[in-house]
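Letter by letter, the chains look like this.
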Amino acid sequence: QSVLTQPPSASGTPGQRVTISCSGSSSNVGVNPVTWYQQLPGTAPKLLIYSNNQRPSGVPDRFSGSKSGTSASLAISGLQSEDEADYYCAAWDDSLSGYWVFGGGTKLTVL
Amino acid sequence: QLQLQESGPGLVKPSETLSLTCTVSGGSISTSIYSWNWIRQPPGKGLEWIGSVYSRGSTYYNPSLKSRVTISVDTSMNQFSLDLTSVTAADTAVYYCARLGGKTGARYFDYWGQGTLVTDSS
């Protein structure tokens, strides 16, 4: 059971806009920045979004992030076949001594 | 370009200790603002943060694994290591090493190793 909650799957057709949600609590998403990672099959995760809505250099502006309260979202516009991957949200959790927590991951299928 | 590479046995016997090393190249592990992390992913499942170490030796662990985990750093070899004791089938996973980069208030895992699969031999 992951600390952050994501839908297990999402789908869309090429060109569509898809959003993936990430729900947390007052000890993680509610008070700390959210990051998003993309994991293509058989590869290591790759940083996609940091500080809720910032894109590292090289990440297309089709990817965007937002946060409100204890929930965050990743949006992908102009969906492409190469976007088919698993997506994970993460945040620092202030409870106990503090630790990083991840969502369970969302598998995005491009139909 | 910073690169991280995991190494260690791919099979561990139940109740024994899983030991992995991450070798960092293309940059120094001694940069104090960064932490060096272990993250694992059971087959077909999500990511789980195991813990981290800074170059000066301070460590942080996932509370669910804290009693079994030790992470250490060897700055002379530009390596950091993971020891996980009393292994069970539940510890079968791909183990990644990763750098926590960014700056205070905006931290993220920016460099990852390719991952290494560790399976319990049961």
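Computed from a predicted structure; not experimentally measured.

*Asks:* Whenever I open this one, the overall build of chain B confuses me. Can you help?
*Replies:* Within chain B, the regular secondary structure consists of zero helices and eleven strands. Here the C-alpha radius of gyration of chain B, 14 Å, is about what a compact globule of 122 residues would show, namely 14 Å. Dimensions along the principal axes, computed over C-alpha positions, put chain B at roughly 40 × 30 × 25 Å. When burial is assessed residue by residue, chain B has 47% of its 122 residues classed as buried. Within chain B, residue pairs in contact and separated by at least 24 positions form 53% of the contacts whose partners lie at least 6 positions apart. When the accessible surface of chain B is split by element, carbon and sulfur atoms take 48% of a total near 5600 Å². Here chain B contributes 9 positive and 8 negative side-chain charges, whose respective centroids are spaced 9 Å apart.

*Asks:* Is there a simple way to explain the sheet that holds strand 1 (residues 3-7) of chain B in this structure?
*Replies:* Pairing between the strands of a sheet comes from backbone hydrogen bonds, and it takes one of two forms, parallel or antiparallel. Residue and element names in this part refer to chain B. Read across the sheet, four strands follow the order 1-3-8-7 without closing on themselves; strand pairing throughout is antiparallel. Every interior strand has two partners, whereas the edge strands, strand 1 and strand 7 (69-74), have only one. For this sheet, the mean inter-axis angle between neighbouring strands, taken without regard to orientation, is 20°. Relative to strand 8 (residues 79-84), strand 7 is paired through six bridges, and the arrangement is antiparallel. Its bridge partner lying in strand 8, V69 is registered against L84.

*Asks:* Can you walk me through the pattern of salt bridges in this structure?
*Replies:* Charged atoms that come close allow side chains of opposite charge to pair. All names here are of chain B. Taken as a whole and assessed by the stated rule, the structure comprises five salt bridges over all chains. One salt bridge connects R68 with D91, and the closest N-O pair in it is separated by 2.9 Å. Of this pair, R68 sits in the loop between strand 6 (59-61) and strand 7 while D91 sits in the loop between strand 8 and strand 9 (93-103); the two residues are 23 residues apart in sequence, bridging distant segments of the chain. What makes D91 buried here is its relative accessible area of 3%. The network of salt bridges with shared partners includes R40, E48, R68 and D91.

*Asks:* Where do I start with the sheet that holds strand 6 (residues 71-76) of chain A in this structure?
*Replies:* All names here are of chain A. In space, the three strands of this open sheet follow the order 2-6-5, with antiparallel pairing throughout. The sheet is open, and its two edges are formed by strand 2 (18-23) and strand 5 (63-68), each paired on a single side. Strand after strand, the sheet turns through a mean of 20° between neighbouring axes, direction not considered.

*Asks:* Any chance you could explain the interface of chain A and chain B here in plain terms?
*Replies:* You'll often see interface size given as the accessible area lost when the parts meet. Each partner contributes residues to the interface: chain A has 19 residues there, and chain B has 21 residues. For the chain A face of the interface with chain B, the top three residues by lost area are P45, W100 and F102 of chain A, together amounting to 36%. For the interface between chain A and chain B, the tally reads zero salt bridges. At the boundary of chain A and chain B, one finds six residue pairs in polar contact (both at pLDDT 80 or more). Counting only elements with at least two residues in the side of chain A that touches chain B, the list comes to strand 3 (35-39), strand 7 (85-93) and strand 8 (99-102) of chain A.

*Asks:* What's the story with the state of the cysteines in this structure? I'm lost.
*Replies:* By definition, a disulfide links the sulfur atoms of two cysteine residues through a covalent bond. Residues and elements named next belong to chain A. Following the criterion strictly, the structure yields two disulfides over all chains and no others. The residue that forms a disulfide with C22 is C89, at a sulfur-sulfur distance of 2.1 Å. Around the S-S axis, the bridge from C22 to C89 shows a dihedral of about 80° and counts as right-handed. Linking C22 in strand 2 with C89 in strand 7, this pair joins segments that are 67 residues apart in sequence. C89 shares its class with C22; the two are buried.

Basis of the calculations
Residues numbered from 1 in each chain as written. Chains lettered and ligands numbered in written order. Predicted model: local features only at pLDDT ≥ 70, side-chain atom pairs only at ≥ 80, totals over all residues. Heavy atoms only, no water. Helix = DSSP H or I, 4+ residues; strand = E, 2+ residues; numbered from the N terminus. Rg over C-alpha atoms; globule rule 2.2 N^0.38 Å. Buried < 20%, exposed > 50% of the residue type's maximum accessible area, 1.4 Å probe, protein only. Contact = heavy atoms within 4.5 Å. Areas by Shrake-Rupley, 256 points an atom, 1.4 Å probe, with all protein chains shown as cover. Lys, Arg positive; Asp, Glu negative; His and termini not counted. Charge placed at Lys NZ, Arg CZ, Asp CG, Glu CD. Pairing = 2+ DSSP bridges. Axes fitted to C-alpha atoms, helices over the stretch in contact; angles between N-to-C directions. Salt bridge = Lys/Arg side-chain N within 4 Å of Asp/Glu carboxyl O. Buried area = accessible area lost by both parts, 1.4 Å probe. Polar contact = N/O pair within 3.5 Å; in protein donor to acceptor, adjacent residues only side chain to side chain. Disulfide = S-S within 2.5 Å.

In short, the description is geometric, and any link to function would need to be established separately.
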